[in-house]
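# Residue-level structure breakdown
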Amino acid sequence: MGSIVLVVRLVLADLRRHKVQAVMLLLAVTVATATMALGLSLRGVSDALYEQTRAVTAGPDVVALSGVTGPAVTSALASLANDSEVVAHHGPYRVVYADLTTRDSTSSPVVVQGFAETPGAVNRPLITSGRWVRSGGTVLERGFATALGVGVGDHVTIAGRSYPVVGIAVTAATSIYPWAAQIGPYGGPTDYSGLAWMTRSDARALASSQDLPVTLALDLKLRDPAATEALREAHRDSTVGINFHSWRFTAEQDTVILRNSQPILVVGSWLLSFLAITGVVAQAVGRAVEQTRRAGLLKAVGAAPGLIATVLFTEYLALALAGDALGLVIARLTVPALASPTASRIGDAAGPSAATVVAATVLAIAVAVLSTLRPTLRALRTATVTALTATAHRPRHRPWLTALSAPLPTPLLLGLRLTARRPGRAVLQACSTATTVIAIVALLTLYAQPERGYGLDGSSVLPNLRGEHDRRLMLAVTVLLIALAVVNTVTFTWTMAMEVRANMAIARTLGATPGQISAGLSVAQLLPSLPGAVIGVPLGAGLLSLFAARNAVDPPSSWLFGAALATLLATAALTALPARLAARRPVAQTLSAETA
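A brief structural summary. (Residues numbered from 1 in each chain as written. Predicted model: local features only at pLDDT ≥ 70, side-chain atom pairs only at ≥ 80, totals over all residues. Heavy atoms only, no water.)

## What to know about the side chain of Ser269
Cut-off, in case you're wondering: Secondary structure elements are defined from DSSP: runs of H or I of at least 4 residues count as helices, runs of E of at least 2 residues count as strands, and each element is numbered from the N terminus. A 1.4 Å probe rolled over the protein chains alone gives each residue an accessible area, and that area as a share of the maximum for its type sets the label: buried under 20%, exposed over 50%, partly exposed in between.
With respect to the helices and strands, Ser269 occurs in helix H8 (residues 261-286). The class of Ser269 is buried, set by a relative accessible area of 0%.

## Remarks on the packing of helix H15 (residues 423-448) against helix H18 (residues 514-545)
Note the threshold: Between the N-to-C directions of two axes lies an angle of 0 to 180 degrees, each axis being a line fitted to C-alpha atoms and, for a helix, fitted only over the stretch in contact. An angle below 35 degrees is read as roughly parallel, one above 145 as roughly antiparallel, one from 65 to 115 as roughly perpendicular, and any other as oblique. Rotating anticlockwise by less than a right angle from the far helix to the near helix defines a left-handed crossing, while the corresponding clockwise rotation defines a right-handed one. Contact criterion: two residues are considered in contact whenever any of their non-hydrogen atoms come within 4.5 Å of each other.
In the contact formed by H15 and H18, the axes pass within 6 Å of each other and the chain directions differ by 40°. By the angle between their directions, the pair H15 and H18 is classed as oblique. Considering how the two elements wind past one another, H15 and H18 form a crossing that is right-handed. Side by side, H15 and H18 meet where Ala426, Gln429, Ala430, Thr433, Ala434, Val437, Ile438, Val441, Ala442, Thr445 and Leu446 of the first sit next to Gln525, Pro528, Ser529, Gly532, Ala533, Gly536, Val537, Leu539, Gly540, Ala541, Leu543 and Leu544 of the second.

## As for the pairing of strand E6 (residues 155-158)
Within a regular strand, side chains alternate between the sheet's two faces. The line we're drawing: In this analysis, strands are considered paired if DSSP registers two or more bridges between them.
Residues Val156 and Ile158 of E6 are buried on one face, while the alternating residues His155 and Thr157, pointing to the opposite face, are not. For strand E2 (residues 86-102) and E6, the ladder comprises three bridges, and the chain directions are antiparallel. Across the sheet, Thr102 pairs through a bridge with Val156, a residue of E6. Examined bridge by bridge, E6 and strand E7 (residues 161-170) share four bridges and lie antiparallel to one another. Within the sheet, the bridge partner assigned to Ile158 lies in E7 and is Arg161. Connecting E6 to the next strand, E7, in antiparallel fashion are two residues, including Ala159 with a positive phi near 55°.

## Let's talk about the pairing of strand E5 (residues 138-141)
Of the two faces of E5, the one lined by Thr138 and Leu140 and the one lined by Val139 and Glu141 are each fully buried. Where E5 lies against E7, four bridges are found, and the strand directions are parallel. Pairing of Val139 across the sheet is with Gly167, part of E7. Judged from the two bridges that link them, E5 and strand E8 (residues 194-199) form a sheet pairing that is antiparallel. Pairing of Leu140 across the sheet is with Ala196, part of E8.

## Here we look at the pattern of salt bridges
Which entries qualify depends on this criterion: Salt-bridge detection follows one rule: a side-chain nitrogen of Lys or Arg within 4 Å of a carboxyl oxygen of Asp or Glu.
The full count for this structure, using the stated rule, is five salt bridges. Here Glu51 and Arg54 are joined by a salt bridge, their closest N and O atoms 3.9 Å apart. Of this pair, Glu51 and Arg54 both sit in helix H2 (residues 19-56), three residues apart, which is roughly one turn of that helix. Accessibility expressed as a relative area gives 34% for Glu51, which makes it partly exposed. For Arg54, a relative accessible area of 12% puts it in the buried group. Two residues, Arg345 and Asp254, come together in a salt bridge whose shortest N-O distance is 2.8 Å. With Arg345 in the loop between helix H10 (305-339) and helix H11 (354-381) and Asp254 in helix H7 (residues 247-254), this residue pair connects regions lying 91 residues apart in the sequence. A residue is classified by how much of its surface remains accessible, and Arg345, at 6% relative accessible area, is buried. Judged by relative accessible area, which is 2%, Asp254 ranks as buried. When salt bridges with common partners are traced through the structure, they connect Glu51, Arg54, Asp61 and Lys221 into a single cluster.

Structure below.
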């Protein structure tokens, strides 16, 4: 127990001394684990919302759809309803293909289903506001109504006739908005469509008045919900085309709108984790001397190597696990909105699954291990006397570097020497810049894709929900990546400034001005950022090509060039303030502190 108490006290004392670094690590791990948990949870949450909607609306196991009407179709559907495996059915009922226009002239295709005023045992849409259908009125599916901005009491025009909206409802018999049509007229391809319900007589009158395309549908409840294929084979008829949509098919179709969401979030979490590791490594390197001295003190009072490693590692592990817990909570609160962007489903989304929790926790532990392993091993391998007298690492003198940089202007000379003498730090900065550019390129590529709206003429009268959803997610991930990259850049600059303050003070005694010192520190960050930005452009395009459609459009080259240039300019701006603050420190104070 004594060792545990000692470890806790040492960790808490170190956290109090380095509050900013602790908060940075906590936020980085929180963002990375939340993003990963969201990506891994989307599919399961979408399925859960469909199951809950299906349960409360008596959703059918199978929906049988005809492309046309007529005696042969009616007979075939009646035969289906009388099958021994069918325990309940609803229909056949009319499905009318029409156009809908709101008062503000927003238009969209719509399928109108003719239902009884008293719902049956199968496919009972749940009213979320208003009431069920009555003569002369219509009920709109909730996802469709939300997209239109229409509520109970508003009027809509369907095929030239005005109808009051008497209710808003949800159903599990059709896919989420905008795929309510399921099949098109005459069994052809579907178009983006909303769903509305009317009474049977109103649907019949609507179809006959405008000579609109009409099909028939039949909802079936089976003795064995898994026997869809057997039912399909038993009623295969080459003369009458019947489409069978099982509940599993509908659940799968619900996830179409999320097809790109999971890769965006999961790959985004990998990039965020990489940035988190580079940032924490930079912090750990900046504290290497302090950690080494701390290890020396613990060795001097008799601490074993295991206890020292535990003390040094526990701080980062505790913060990583706290960030993991916060990330999982954020994912639990956020995932319902991401998994059901159309409001076509109801229910409570369960939290991340056990597998998701394990994956996120492994990610958090990996960040802690990869960030602290090298500094911890270095502290343990350093002899006690050496550790107690440890000073900042003095880079080796390289004659070729001196010869190469001597003719250069002072800021460029200083920046080149700082970069070449710390190749590990330069690699971290280059990787951080490349990661940021990868995300920006992916975002620009996504925004360059043309999106067909849900309007009648293919325009963006109603926005493409899938495209909008993907863009919002990609924008959010990119903003988080840029935020972490900003923190990393400032951290790299300040850490380097603290490490080389003695060298910079000597440079000032030899005639360098504070402005040249500041510019040199900025150049030291810009030099590795340049190849990082150049490499990030093709890497971003290549990464997105793994998930993009074959007919994806490449963004203009000017966009990509602008992204790389903007990243470099932002790096220069971000390094200016910490570099200037470090450069203005009095020379005498710096040299006396180094020799004390």
